[in-house]
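Below, each chain spelled out in residue letters.
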Amino acid sequence: MVLRQARDGPLATFRRRPQRRRGWVTINSAAEGLVAGIEPDDPSGMTTPRVQLPEDLRSGAFTVAQARGRGVTPKRLRGRDLLAPTRGVRQGCGGTVELSTHARAFALALPRDSAFSHLTAARLLGLPTPTPWPGRDEPLDVMRAKGRPRVSRNGCVAHRGLETRGVTEVDGLRVVSALDTWGDLAGLWAPDHLLAAADVLVRRRLSTPLELLARAEQRRGRRHVDDLRTVARLARAGAASPAESRARYVFWSWGLPEPELNVPVLGHDGGWLATGDFLWRGQRVVGEYDGDVHRTDRRTWQRDRERRAALEDAGYRYVEMTDSTFRQARHREALRLRLARLLL
């Protein structure tokens, strides 16, 4: 306690202002037993008790209407411990937010007849995308039928045409089907990335090359339909990674013969030598796309050396390639010339 002389009265009793601290503290209150948080940037310098949310609102996202119905005040909903993924929705700001968590919160404010589409759908469906999810700053793609009002909300990009697309459910979210999402990405993605996604669809048995081609034909007359047709004809189940798919598109653009994908390579005695990423059997050429682990992991690096020696002893030509082989023009041209010499 601190005793101070009032200007026009006897000594008055004041409580000492608590020290400002970061984090959560418990305030003993016989009436409420509240849990309070300290606002580190409170301009008044005062420590302000923060009333804990009702238990059913502490995990996951909720709407402002739900919270107000439970007696939560507008001031509490502006607390620094809450995020606003979109207008009318709140979400705890603790921990790392994944795309599915962010989309689930956003969906609370969306019409029930909408669905996530395009890039957002591709990410939620687990299709390979050109770049990883950068976080909440990336707008969510939302689609609705043409006859319904367009979704107008900060944080999302509105699309129409849901009445002509299939809808599936991913972790409780309405998402445009994988096949339709692949078609919607034509023109937004380069053809090699479309092929990486198509290979995944075929490998997971979500589609076949013929079904991909049929979906491309349904878009006849639209821009970039030729990309879809080409990619549909190139889609294969044997591709083991998006990088291999993109490399195969480059081989096709160079006019090279199509390789077999991830098949056993046998020696003269019929014994197994290796499983090659790309095998041109007639020309006895094996191509290997090495990710970074082939450089950083000593055991993997040593195994690669042994495999290469075994293949070359059996009369195969061994062609290594990496991400930089395709990104750097000088290395890319060198690879093109070497493969053309070995295969054509």
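As the structure is a computational prediction, the values presented were derived from the model and not from experiment.

A. Representation of the sheet that holds strand E5 (residues 61–63) in the model. Pairing within the open sheet is antiparallel, and its three strands lie in the order E5-E7-E6. For this open sheet the edge positions go to E5 and strand E6 (82–83), each flanked by a neighbour on one side alone. With two bridges joining them, E6 and strand E7 (residues 89–92) adopt antiparallel strand pairing. Residue pairing across strands places Leu82 opposite Gly92, the latter belonging to E7.

B. Spatial organisation of the pattern of salt bridges. Evaluated as defined, the whole model comprises 20 salt bridges. A salt bridge links Arg215 to Asp180; the nearest nitrogen and oxygen atoms lie 2.3 Å apart. Placement of Arg215 in helix H7 (residues 209–218) and of Asp180 in helix H5 (residues 178–184) is noted, with a sequence separation of 35 residues between them. Grouping residues by exposure puts Arg215 and Asp180 together as buried. Glu320 is paired through a salt bridge with Arg308; the nearest N and O atoms lie 3.2 Å apart. Linking Glu320 in strand E16 (residues 317–321) with Arg308 in helix H11 (residues 298–313), this pair joins segments that are twelve residues apart in sequence. On the basis of relative accessibility, which here comes to 25%, the residue Arg308 falls in the partly exposed class. Salt bridges here are not isolated pairs; linked through shared partners, they connect Glu217, Arg220, Asp226 and Arg229.

C. Local environment of the packing of aromatic side chains. For the structure on display, the rule yields seven aromatic pairs. Arranged with centres 6.5 Å apart and planes meeting at 50°, the rings of Phe251 and Phe326 form a pair that is tilted. Residue Phe251 is found in helix H9 (residues 242–253), and its partner Phe326 is found in helix H12 (residues 323–327); the two are separated by 75 residues along the sequence. Centre to centre, the rings of Tyr289 and Phe326 are 5.9 Å apart; their planes meet at 15°, and the pair counts as stacked. With a gap of 37 residues between them, Tyr289 in strand E15 (residues 285–289) and Phe326 in helix H12 connect regions that are remote in the sequence. Given the relative accessible area of 13%, Tyr289 is considered buried. Taking relative accessible area as the criterion, Phe326 reaches 13% and is therefore assigned buried.

D. Summary view of the side chain of Ser207. The topology assignment puts Ser207 in the loop between helix H6 (191–203) and H7. Looking at Ser207, its side chain comes within polar contact range of the side chain of Glu211, at 3.4 Å. In this structure Ser207 touches Leu179, Leu201, Val202 and Leu212, once residues within four positions along its chain are discounted.

Conventions adopted
- Residues numbered from 1 in each chain as written.
- Predicted model: local features only at pLDDT ≥ 70, side-chain atom pairs only at ≥ 80, totals over all residues.
- Heavy atoms only, no water.
- Pairing = 2+ DSSP bridges.
- Helix = DSSP H or I, 4+ residues; strand = E, 2+ residues; numbered from the N terminus.
- Salt bridge = Lys/Arg side-chain N within 4 Å of Asp/Glu carboxyl O.
- Buried < 20%, exposed > 50% of the residue type's maximum accessible area, 1.4 Å probe, protein only.
- Phe/Tyr/Trp six-rings, centres within 6.5 Å; stacked < 30°, edge-to-face > 60°.
- Polar contact = N/O pair within 3.5 Å; in protein donor to acceptor, adjacent residues only side chain to side chain.
- Contact = heavy atoms within 4.5 Å.

By themselves, these figures tell us nothing about what the structure is for.
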